[in-house]
Amino acid sequence: MNKPIVAVICGPTASGKTALSIDLANKINGEIVSADSMQIYKDMNIGTAKPTTKEMNGIKHYLIDCVSPSIRYSVADFKKDATEAIEEILKKGKTPIVVGGTGLYIDSLIYGIDYNEMKVDLDYRNYLEEQAEKKGLNYLYDLAKSIDEKAMQKISPNDKKRICRVLEIYKSTGKTKTQLEIESRQKEVNYDFKVFAIDMDRSILYDRINKRVDIMINDGLIEEVKDLINKYHEIPTAMQGLGYKEVVEYFDGKYSKEDMIDKIKMESRRYAKRQLTWFRRNKNIFWLNASNEINKNTDIILEEIR
């Protein structure tokens, strides 16, 4: 019995995933499941480049704007919610299209990776936060590397959230993140995932990222962060995300406005580079050239999934 086809469009930030996915959805009677770890959050629109109602062009989107920024949303939560969304779309007789740049989210679906064995230990999480403050993030990075060197090859030394996650997984399950992924991948996946990624000349991509950050600032990113702090009365976990963290640090006097903007641009370029590195490890991805017209890339996808 053939498995249902699920299209996946991934790639770095600012590469044009949204426009391509909406064009595809219109042509195959599809609906979109977001695989973006920041667009899931309510009230965080500008800094996450969340698609507007106009950009969605009448296509239903799932897992966008549906979780409070004060709630920690895990990859296990995503896998559960995304699977439910895929099933809902299939029951309508439509084609699910998973779209996003969060590699961990994408992998949890296409490889069937399951992190549900892990229970949140708030005491240990607080302990890790204290260690990061006292000894620095490099200390935690080296500790995680000594436990799971393979996993840490994909994680930036500045990515506190994912560094801590590697440590939390080991503390909670007695297994490394890599070990859990290997065990999970032995399970059968229920869907036929057709995975596509957008590639782009690095200089063009970086220029697009820089321009996008300027647009975010002009559209009111600083005011959005102020509103979030006022609404939630503290800095939510979600605001450790790229763009938000730097604005908070600007409020704290760590940067001038100009330095803050430059920092967001630099970190966004680094993030895009990490995204490309992550997706290139998947040898089954079909790469699309961003210099093509959207229609051409859509036609390429249609050839592959039909």
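Further up the page is the structure itself.
**Side note on helix H14 (residues 294-305)**
- Taking 1.5 Å per residue, twelve residues should reach 16 Å; H14 reaches 17 Å between its end C-alpha atoms and fits that length.
- By the burial criterion, the buried members of H14 are Asn297, Thr298, Ile301, Leu302 and Ile305. In a view along the axis of H14, the buried residues occupy a sector of 145 degrees, so they form one face of it.
- On its buried face, H14 is in contact with strand E1 (5-10), helix H1 (17-28), strand E5 (192-199) and strand E6 (286-289).

**Here we look at the pairing of strand E2 (residues 30-34)**
- By the criterion of burial, E2 is predominantly enclosed, with five of the five residues buried.
- Alternating residues of E2 divide into Gly30, Ile32 and Ser34 and Glu31 and Val33, and every residue in both groups is buried.
- Where E2 meets strand E4 (residues 95-100), five bridges bridge the pair, whose relative direction is parallel. The residue bridging glutamate 31 from the neighbouring strand is proline 96, located in E4.
- Of the strand pairs in this sheet, E2 and strand E3 (residues 61-62) are connected by two bridges, and their pairing is parallel.

**Regarding the pairing of E1**
- Counting buried positions along E1 yields five of six residues, so the element is predominantly enclosed.
- Summarising the sheet, E1 and E5 pair through six bridges and their orientation is parallel. The residue bridging alanine 7 from the neighbouring strand is lysine 194, located in E5.
- The pairing of E1 with E4 spans four bridges and is parallel. Across the sheet, residue alanine 7 finds its bridge partner in E4, namely isoleucine 97.

**Some details on the environment of isoleucine 155**
- Mapped onto the secondary structure, isoleucine 155 falls in the loop between helix H7 (149-152) and helix H8 (160-173).
- Spatially, the C-alpha atoms of isoleucine 155 and tyrosine 105 are 14 Å apart, while their sequence positions differ by 50 residues.
- Ignoring any residue separated from it by four or fewer positions in sequence, one finds isoleucine 155 in contact with Tyr141, Arg162, Ile163 and Val166.

**Observations concerning the environment of tyrosine 41**
- As for its position among the elements, tyrosine 41 is in the loop between E2 and helix H2 (53-56).
- Discounting residues that sit within four places of it in the chain, tyrosine 41 has contacts with Lys50, Asp65, Val67, Ser68, Pro69, Ile71, Tyr73 and Ala238.

Quick notes on the rules
Sequence order as written defines residue numbering, which begins from 1 separately in each chain. pLDDT decides what is reported in this predicted model: residues at 70 or higher carry local features, side-chain atom pairs at 80 or more are listed and counted, and totals for whole chains, interfaces and linings draw on all residues regardless. Excluding hydrogens and water, the side-chain values take into account all heavy atoms of the structure. For helices the rule is a DSSP run of H or I covering at least 4 residues; for strands it is a run of E covering at least 2, with both sets numbered from the N terminus onward. Each helix should span, by expectation, one fewer than its residue count multiplied by 1.5 Å. Burial here depends on accessible area, computed with a 1.4 Å probe over protein chains only, as a share of the maximum for the residue type. Under 20% is buried, over 50% is exposed, and the range in between is partly exposed. Regarding the arc, it is the one traced by the directions from the helix axis to the C-beta atoms. Note on contacts: a residue pair is in contact if any heavy atoms of the two residues lie within 4.5 Å. Whether two strands pair comes down to DSSP finding at least two bridges between them.

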